[in-house]
Amino acid sequence: MFGIGTKNIGIDLGTANTIVYAEGKGIVLREPSVVAKNTKTGEIVSVGSEARDMIGRTPASIVAIRPMKDGVIADYDTTVAMMKYYIDKALGHKTGKPYVMVCVPSGVTEVEKRAVIDATRVAGARDAYVIEEPFAAAIGAGLPVMDPTGSMVVDIGGGTTDVATISLGGIVSSRSIRMAGDKIDDAIVYYVRQHNNLLIGERTAEQLKMDVASASVEAAKELDNQTIRGRDLVSGLPKTIEIEAVDVAKAIQEVIQEIISAIKETLEETSPEIAADVIDHGIVLTGGGAQLRHLPEVISDATKVPVFIASEPLDCVAIGTGESLKSIDVMKKK
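Reading the values: the criteria
Residues numbered from 1 in each chain as written. Predicted model: local features only at pLDDT ≥ 70, side-chain atom pairs only at ≥ 80, totals over all residues. Heavy atoms only, no water. UniProt positions renumbered as here; feature names shortened; annotations may be inferred. Helix = DSSP H or I, 4+ residues; strand = E, 2+ residues; numbered from the N terminus. Rg over C-alpha atoms; globule rule 2.2 N^0.38 Å. Buried < 20%, exposed > 50% of the residue type's maximum accessible area, 1.4 Å probe, protein only. Contact = heavy atoms within 4.5 Å. Areas by Shrake-Rupley, 256 points an atom, 1.4 Å probe, with all protein chains shown as cover. Core = buried A, V, L, I, M, F, W, Y, C linked by side-chain atoms within 4.5 Å. Domains from an automatic or database assignment. Pairing = 2+ DSSP bridges. Axes fitted to C-alpha atoms, helices over the stretch in contact; angles between N-to-C directions. Buried area = accessible area lost by both parts, 1.4 Å probe.

- Identification of the protein chain as Cell shape-determining protein MreB from Liquorilactobacillus satsumensis DSM 16230 = JCM 12392 is taken from an unreviewed UniProt entry.
- For the record of the protein chain, the UniProt heading Subunit (unreviewed entry) holds the text "Forms polymers."

1. Topic: the overall build of the protein chain
Part 1 of the argument: The number of helices and strands found in the protein chain is 13 helices and 18 strands.
Part 2 of the argument: On C-alpha atoms alone, the protein chain measures out to a radius of gyration of 20 Å, which is about the 20 Å that the 2.2 N^0.38 rule sets for 334 residues.
Part 3 of the argument: Its C-alpha atoms give the protein chain principal-axis dimensions of about 65 × 60 × 30 Å.
Part 4 of the argument: Counting over 334 residues, the protein chain shows a buried share of 51%.
Part 5 of the argument: The contacts of the protein chain with a sequence gap of at least 6 include a subset with a gap of at least 24, amounting to 62%.
Part 6 of the argument: Working note: accessible area of the protein chain is about 15200 Å², and carbon and sulfur atoms make up 50% of it.

2. Quick notes on the nonpolar core
Part 1 of the argument: In this structure, Ile188, Ile200, Ile263 and Ile283 are the most contacted members of the largest nonpolar core, which totals 48 residues.
Part 2 of the argument: In terms of residues, this core owes the most to one element, helix 9 (residues 253–269), which gives seven residues.
Part 3 of the argument: Looking at which domains feed residues into this core, each of domain 2 (143–179 + 252–311) and domain 3 (181–251) gives three or more.
Part 4 of the argument: Once you skip the residues sitting within four places of it in the chain, isoleucine 263 turns out to touch Met152, Val154, Val163, Ile283, Ile299 and Thr303.
Part 5 of the argument: With 29 residues, the next largest nonpolar core counts Leu29, Val47, Val72 and Val100 among its residues.

3. Things to note about the sheet that holds strand 14 (residues 198–199)
In a beta sheet, neighbouring strands are held together by backbone hydrogen bonds and run either parallel or antiparallel to one another.
Part 1 of the argument: The antiparallel open sheet is built from three strands, whose spatial order is 14-15-16. The open sheet is flanked by strand 14 and strand 16 (238–243), the only strands paired with a single partner.
Part 2 of the argument: The strands that helix 6 (residues 202–212) touches are strand 15 (226–232) and strand 16; relative to strand 15, the one it contacts most, it runs at about 165°.

4. Looking at the domain arrangement of the protein chain
Part 1 of the argument: For the protein chain, the domain assignment lists domain 1 (9–135 + 316–332), domain 2 (143–179 + 252–311) and domain 3 (181–251).
Part 2 of the argument: Computed over C-alpha atoms only, the centres of domain 2 and domain 3 are separated by 27 Å.
Part 3 of the argument: The interface of domain 2 with domain 3 comprises 14 residues on the first partner and 21 residues on the second.
Part 4 of the argument: Interface area, domain 2 with domain 3, both sides summed: about 1400 Å², of which 61% is carbon and sulfur.

Have a look at this one:
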């Protein structure tokens, strides 16, 4: 049934990071979804962490790009090159082509889904299948997805936030919005520019998010200030300033409110029985965005439902994608 000596793999092909799960081994690879390319020759210079370190620091002939945007493929050829690199790296020196399960946001079109399947096949898969991100996240978080019990998962990635209620092995209601980690970074860049006349890069914004960002403006008052460096928009020269955690919290409020609105809309669409199950068992947060300080409390306060962070929030989607390989025979018949 499977390729002899080949591990079948699950890929969480994220906007910010790509995580690969190998059957029987668990997570074998975790790298940024970044590719550095030579603009003159089209040659791939580096992939992953090495390429990410080049963002904003490359000469004119090299460009560091993120081929995934808002959870879908934005640059097909570069995505294929990146996936080929990751599949080969995950398999090591094994011969044979693996079956690959790839996750996609719940709101993708059939065309976007087809692009992911085609790219995975071209990258070296024997065959490829897709699974919706919130469903994979729920499996990875250990929720009882096959039971007649309603579960709710909110997966906050780099490009999209996927919200879904799940019961009896299927998604009951869902929302996928393009408001997630990247938009939080963008909001921080914009706020610092508007209020401090300082232009900072996306790496600096991401570091600020990880170091001091909070979903609650009130709670942010307890956090320390942070020193950041950028370019002064008045003089054009490098400049160092100190920014308060409260300002970072204010900067990201619009994105937080959009995520809360998506959660509320999804809850409003569910049946009373599933809504009752969600109140009993709570909402589970997965994805890198789940680690934002005070986010569970802020969502719980807005929805009046208990909110928990999954035990391995960053890995839930990859684990769920990998676990779903066990039912790959069912996928083949679809």
